[in-house]
Amino acid sequence: MTPTNFVKSKKIWTAIALMLIVSPLFGVILADVVGYHEPLDVAAEAAGLRDVSEEITWTPFFDYGIPGLPSEVGYAMAGALGVAVIVVVGYVAMKVVERRRGGHGACLKAY
Amino acid sequence: MHIPDGFLDAWTASITYAIAVGCGLLLWKKSKRALRVEEISLLTVLSAAIFVAQMLNWPLPGGTSLHFVGGALAGMLLGPFLGFASMTLVLVVQCLLFHDGGITALGANVLNMAVINVLVGYALFKLIVMIAGNKRSSRMAGAFLGAWLGIVLAGLACGLEIGLSPSFGFYIDVTVPIMAGWHALLGIVEGVITALVVEYLYVRLPLAIPSLIPQEVVER
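Remember, it's a predicted structure, so these values are computed and weren't measured experimentally.

**Q** How should the overall build of chain B be read in this particular structure?
**A** When its secondary structure is counted, chain B shows seven helices and two strands. Listed N to C, the secondary structure of chain B is α-α-β-β-α-α-α-α-α in terms of helices and strands. Overall size of chain B, expressed as C-alpha extent along the three principal axes, is 55 × 40 × 30 Å. Within chain B, the fraction of its 220 residues that count as buried is 59%. In chain B, once contacts between residues fewer than 6 apart in sequence are set aside, the share between residues at least 24 apart is 73%.

Rendered as structure tokens:
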């Protein structure tokens, strides 16, 4: 792997893909079995606060779901969608920086 | 620790938005140099990895859950401004696409996880490595303690924000101890993961930790 381009690292993408594949186990299946909640939920309950997200939501992918797909599959697909959006934003930013610098990698390649 | 819509009143939401934007601008100005493509490349993969890692909710005995947050890790690898940018990218995608974290609470979530968590993690890591020297034990101790304190202070800030919304009454005496206390425990896991990742990358891929490369080498 060239030190200049982490985006091309197979190792990193393999790790991300593996995490995506096991994500429904942790995000959906175990969540249903154990019925757990975050400390924030505990604190909010103690303070009598109410989550209104579901009532006002704008997104079809609410809570990492894909309409029409079972939640186990949808969760991982939603994760892949999120990764794709991050990569597109990152790619555009890389292109902008590259254009400004006029070429890339010179300083770290020297190192 | 993503605050959803409905937990913050208009005042708290606006003030936290203003502070988060102000901190972002300040970090941008402070970074003072042109960005490099490699850094954005690292930012992209790190943001993707942190986003996915946050989807893995680990159950804890007693019905509580935790997931890796990663702000301190982003700060240690990317430095203050790009660490902030990386976490903000993750938080904005989570909020807009999946409504994970409220749109009214985005400012507070950015403040907690992209400012406090990133800066505290980065600063403590840098400080410990600077004082104790760049060796394995100090890198791991710095990464562990930075990540632990980063998550505890982020949790504490989160407790303050949800406990300080005047329209809903003041509950900081309840919310702060719950958030800080729990995150002092959860922070141990965050610290262990962060220390292992930082050390692994340092050994295998030292260029992934620009904050440990002497500045004169980078500028050359």
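**Q** In this structure, what is going on with helix α4 (residues 106–132) of chain B? I would like to understand it.
**A** One turn of an α-helix holds 3.6 residues; hence residues three or four places apart share an orientation. Residue and element names in this part refer to chain B. In a regular helix each residue adds 1.5 Å, so 27 residues correspond to 39 Å; α4 covers 37 Å between its end C-alpha atoms and thus fits that length. Within α4, the axis deviates most sharply at Ile116, by approximately 25°. Most of α4 is tucked away, with 21 of its 27 residues classed as buried. Of the residues trailing α4, Gly133 is marked for its positive phi of about 90°.

**Q** It is not clear to me how the interface of chain A and chain B should be interpreted in this structure. Could you clarify?
**A** Counting from both sides, the interface comprises 62 residues of chain A and, opposite them, 55 residues of chain B. Residue assignment for the side of chain A that touches chain B shows that the elements contributing at least two residues are α1 (10–34), α2 (39–47), α3 (53–56), α4 (71–101) and α5 (106–110) of chain A. The element that contributes the greatest number of residues to the side of chain A that touches chain B is α4 of chain A, accounting for 16 residues.

**Q** Just to check I follow, could you spell out the confidence of the model for chain A for this structure?
**A** Detailed conclusions should not be drawn from predicted coordinates in areas where pLDDT is low. Residue and element names in this part refer to chain A. A residue-level look at chain A finds 87% of positions with pLDDT of 70 or above and a mean pLDDT of 86. The spread of mean pLDDT over the elements of chain A runs between α5, the lowest at 43, and α3, the highest at 95. The low-confidence segment residues 104–111, where pLDDT is below 50, has 17 contacts with residues more than four positions distant or belonging to other chains.

Conventions we followed
Residues numbered from 1 in each chain as written. Chains lettered and ligands numbered in written order. Predicted model: local features only at pLDDT ≥ 70, side-chain atom pairs only at ≥ 80, totals over all residues. Helix = DSSP H or I, 4+ residues; strand = E, 2+ residues; numbered from the N terminus. Buried ≥ 20, exposed ≤ 12 C-beta atoms within 10 Å, placed from the backbone. Contact = placed C-beta atoms within 7 Å. Expected span 1.5 Å × (residues − 1). Bend = angle between axes of the 7 residues up to and from the residue. pLDDT = per-residue confidence, 0-100.

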